[in-house]
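Letter by letter, the chains look like this.
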Amino acid sequence: MKMPLHPVWDLESIFSGGSSSEAFASYLNDLDKDVRTLQQTLQQMAAPATLEDAAAYKPVLELLQSCYVRISEGSAFVSCLSAQNQQDKKAAQLQGTVSSIAAMLNSSKSKLDNIFSETPDVVWDQWLAQADIQPLSFVLNESRAQARDKMSPELEGLALDLGVDGYHGWGKFYNTIVSKVNIPFEQDGETVMLSAGQAANKLSDSEREVRERVFSSWEQAWTEVEDFCADTLNHLAGFRLKLYEKRGWQDILKEPLAINRMSRQTLDAMWDVINGTKPVLVKYLERKAKLLGVDKLSWSDVDAPVGKSVGKVTYDEAALTIVEQFARFSPKLSSFAEMAFEKRWIEAEDRPGKRPGGFCTSLPLSKATRIFMTFSGTASNVSTLAHELGHGYHQHIMEELPALNQRYAMNVAETASTFAEMIVADALVQTARDEQEKLALLEDKIQRSVAFFMNIHARFLFETRFYEQRKKGLVSADELSRLMVEAQEEAFCGILASTHPHFWASKLHFYLTGVPFYNFPYTFGYMFSAGIYARAQQEGTAFADKYDDLLRDTGRMTVEQLAQKHLGADLTQADFWQAAANLVIADIEQFMQMTENVI
């Protein structure tokens, strides 16, 4: 790998000129025309009565998939523009254009799905049996079943159209809110204003005084915008609840479970094992409090490092570590990561004006990805980088599949990313130079277990209860904070001395409209990948090809089918989840042994 690496991504190779790109404007114009053509074609079509009639849908399906690939490319490009510079007004305008085209496309898909739902079963089965259609049978059957469970296509189309400036419009308002959030921080005798992304990094600073100071300012900053945030969440939830009501859906989890292609039994089995594992995490958090010299951990202590830090890691060092450790599991995974670094697919520079958080977005037309994060040199940053590269590899493995088979759900998307993160984290612990470094790295690894088992569980509990409250009317900012504190206290088993009341306001995931309940799929991905990782440890490098096969199937079967086919596991039972939780327990036992004589 050629060093030094450039930590700023290359967007010019996608569309030259940024948000003022003439090429991108032309691209969107052409896409808009094709989506309108698709829309008009479908308006003139009806359910086929014979197999010969069904032949007309082959070119329609091809155009639909072409449009999906191109809208994904356009949406990814605009997301990158908005994330790298929150003050880019043109990017915000482009997002509106992309959303409008996407709404038309989704409306067309809804019309096509309704035609499928009205197709006689005999004709449908004959059509699916054809060699060029059969590979899409899972997603087409899924779409047909979902269409039968919704409103009429006219009403669904209207809801999608209204959602552009309503539902999705409210979701994007978070970007406006967060761009106005500035957190004062005293540094070298001067007060500087940190962006939300920069302040978030300091919340895991090694100095407790810094963490507590930043957290206090962080809470205050989000308190000042709480009314905007409360309005936004209320309108998002209100739109969703009204839509569910018109569809005749009673269970708020019906859609997120369907989107993630998993059953309620699987979700409950996972949470049951996690709740059974929490007493072990509580012991770890109690030990951590003693190591930090406090009676009980505050919210800002949970992610605080323990032991002597390995110091700041440069971007180049992080890249080299990731590429080397990936190679121990899979040469293909390592080669992909090396390509991503060298081709500048990664935006990692620590500078003001960037959106907080990290993401990986796919460019299926370019057969590339782009990764966004703010790298400040911590071990957690290295893990985040590995995590996002895992996302990128997942897309890379699937890029030759039909577009509809590439549309995998969030829960299995998090599997590949978390698996990549585990490879790096485990390897770093095993190759630590001394006990103190080993302790710091092991603790960083356990912190992620706490996040998935407790922090994300709190988000799930909060959101579930918020929706129940929202059914009765608008929920105030104070009530939202109360629900959040209640959820955090339950999820963390009352172990914390302080909570984060305005977490509901600051967390982007609550505002995302693409996937409702953007929380439990993270924990599923973590646990599922832990189970896969346990299998990989047993089978060694021979498992790499099996892993690729599993990833390739993630867009064309349920998670239960996926686990049964590739792992021989039943996800509705506790066994698989317990095996995954045992890895967490083993890490904590090792931590407890290493710190037994430190206190």
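Residues numbered from 1 in each chain as written. Predicted model: local features only at pLDDT ≥ 70, side-chain atom pairs only at ≥ 80, totals over all residues. Heavy atoms only, no water.

(A) Up close: the sheet that holds strand β4 (residues 359-363). With respect to topology, three strands assemble into an open sheet ordered β3-β5-β4, the strand pairing being mixed. Two strands in the sheet have a free side with no partner beyond their single neighbour: β3 (346-347) and β4. Sitting on the sheet, helix α3 (residues 57-84) touches β4 and β5 (368-372), and the angle it makes with β4 is about 145 degrees. (Pairing = 2+ DSSP bridges. Helix = DSSP H or I, 4+ residues; strand = E, 2+ residues; numbered from the N terminus. Contact = heavy atoms within 4.5 Å. Axes fitted to C-alpha atoms, helices over the stretch in contact; angles between N-to-C directions.)

(B) Here's a closer look at helix α11 (residues 226-247). Taking 1.5 Å per residue, 22 residues should reach 32 Å; α11 reaches 32 Å between its end C-alpha atoms and fits that length. Backbone geometry just after α11 places glycine 248 at a positive phi near 80 degrees. (Expected span 1.5 Å × (residues − 1).)

(C) A look at the pairing of β5. Extensive coverage of β5 is indicated by the burial of five of its five residues. Residue alternation in β5 divides its side chains into two sets, Ala368, Arg370 and Phe372 and Thr369 and Ile371, and both sets are buried. Here two bridges tie β3 to β5, and the two strands are oriented parallel to one another. Residue pairing in the sheet places isoleucine 346 in a bridge with isoleucine 371 of β5. Bridge analysis of β4 against β5 gives five bridges, and the strand direction is antiparallel. What sits directly across from serine 362, in β5, is threonine 369. Following β4, the chain reverses through four residues before pairing antiparallel with β5; lysine 367 in that reversal takes a positive phi of roughly 55 degrees. (Buried < 20%, exposed > 50% of the residue type's maximum accessible area, 1.4 Å probe, protein only.)

(D) How the structure looks around the packing of aromatic side chains. Summed over the entire model, instances satisfying the criterion amount to 42 aromatic pairs. Centre to centre, the rings of phenylalanine 15 and phenylalanine 24 are 4.8 Å apart; their planes meet at 55 degrees, and the pair counts as tilted. Note on phenylalanine 24: relative accessible area 1%, which makes it buried. For the pair phenylalanine 462 and phenylalanine 466, a centre-to-centre distance of 6.0 Å together with 10 degrees between the ring planes defines the contact as stacked. Taken as a pair, phenylalanine 462 and phenylalanine 466 lie in helix α18 (residues 435-470) at a separation of four residues, close to a single helical turn. Taking NZ or CZ as reference, lysine 254 lies 5.4 Å from the ring centre of tryptophan 249, over its face. The cationic tip of lysine 354 hangs over the ring face of phenylalanine 372; the distance from NZ or CZ to the ring centre is 4.9 Å. (Phe/Tyr/Trp six-rings, centres within 6.5 Å; stacked < 30°, edge-to-face > 60°. Lys NZ or Arg CZ within 6 Å of the ring centre and 35° of its normal.)

(E) Looking closely at the packing of helix α7 (residues 153-165) against helix α8 (residues 167-179). Look at α7 against α8: their axes get within 3 Å of each other, and the N-to-C directions meet at 25 degrees. When the axis of α7 is compared with that of α8, the two are roughly parallel. Like other packed secondary-structure pairs, α7 and α8 cross with a definite hand, here right-handed. For the pair formed by α7 and α8, the contact residues are Leu162, Gly163, Val164 and Asp165 on the first element and Tyr167, His168 and Gly169 on the second. Of the residues assigned to the contact of α7 with α8, the class counts are three nonpolar, three polar and one charged. (Parallel < 35°, antiparallel > 145°, perpendicular 65-115°, else oblique. Left-handed = near helix turned anticlockwise from the far one by under 90°. Nonpolar A, V, L, I, M, F, W, Y, C, P; charged D, E, K, R; others polar.)

(F) Just the pattern of salt bridges, in detail. Summed over the entire model, instances satisfying the criterion amount to 34 salt bridges. A salt bridge links glutamate 209 to arginine 213, with the nearest nitrogen and oxygen atoms 2.7 Å apart. Here glutamate 209 pairs with arginine 213, and both are found in helix α10 (residues 208-224), just four residues apart, close to one helical turn. On the basis of relative accessibility, which here comes to 28%, the residue arginine 213 falls in the partly exposed class. A salt bridge links aspartate 549 to arginine 552, with the nearest nitrogen and oxygen atoms 3.0 Å apart. (Salt bridge = Lys/Arg side-chain N within 4 Å of Asp/Glu carboxyl O.)

(G) Looking closely at the environment of arginine 213. With 87 residues separating them in the primary sequence, arginine 213 and glutamine 126 have C-alpha atoms 66 Å apart. When neighbours within four sequence positions are excluded, arginine 213 is seen to be in contact with Phe185 and Glu186.

(H) The arrangement of the pairing of strand β1 (residues 182-187) in detail. Judged from the six bridges that link them, β1 and strand β2 (residues 190-195) form a sheet pairing that is antiparallel. The residue bridging glutamate 186 from the neighbouring strand is threonine 191, located in β2. Hairpin connection from β1 to β2: two residues lie between these consecutive antiparallel strands, with aspartate 188 at a positive phi of about 55 degrees.

(I) Region of interest: a nonpolar patch on the surface. A cluster of nonpolar side chains, contributed by Leu155, Leu158 and Leu162, occupies part of the molecular surface with about 280 Å² of accessible area. Take leucine 162: it is sitting in helix α7. With relative accessibility at 51%, the residue leucine 162 sits in the exposed group. (Patch = residues over 30% accessible without salt bridge, like charges linked within 9 Å, V, L, I, M, F, W, Y side chains within 5 Å. Areas by Shrake-Rupley, 256 points an atom, 1.4 Å probe, with all protein chains shown as cover.)

(J) Seen up close, α18. Given a rise of 1.5 Å per residue, 36 residues ought to cover 52 Å, and the 50 Å separating the end C-alpha atoms of α18 matches this to within 8%. When the local axis directions of α18 are compared, the greatest deviation, roughly 35 degrees, occurs at alanine 451. Burial within α18 is extensive, with 28 of its 36 residues counted as buried. (Bend = angle between axes of the 7 residues up to and from the residue.)

Keep in mind these numbers describe shape, not what the thing actually does.
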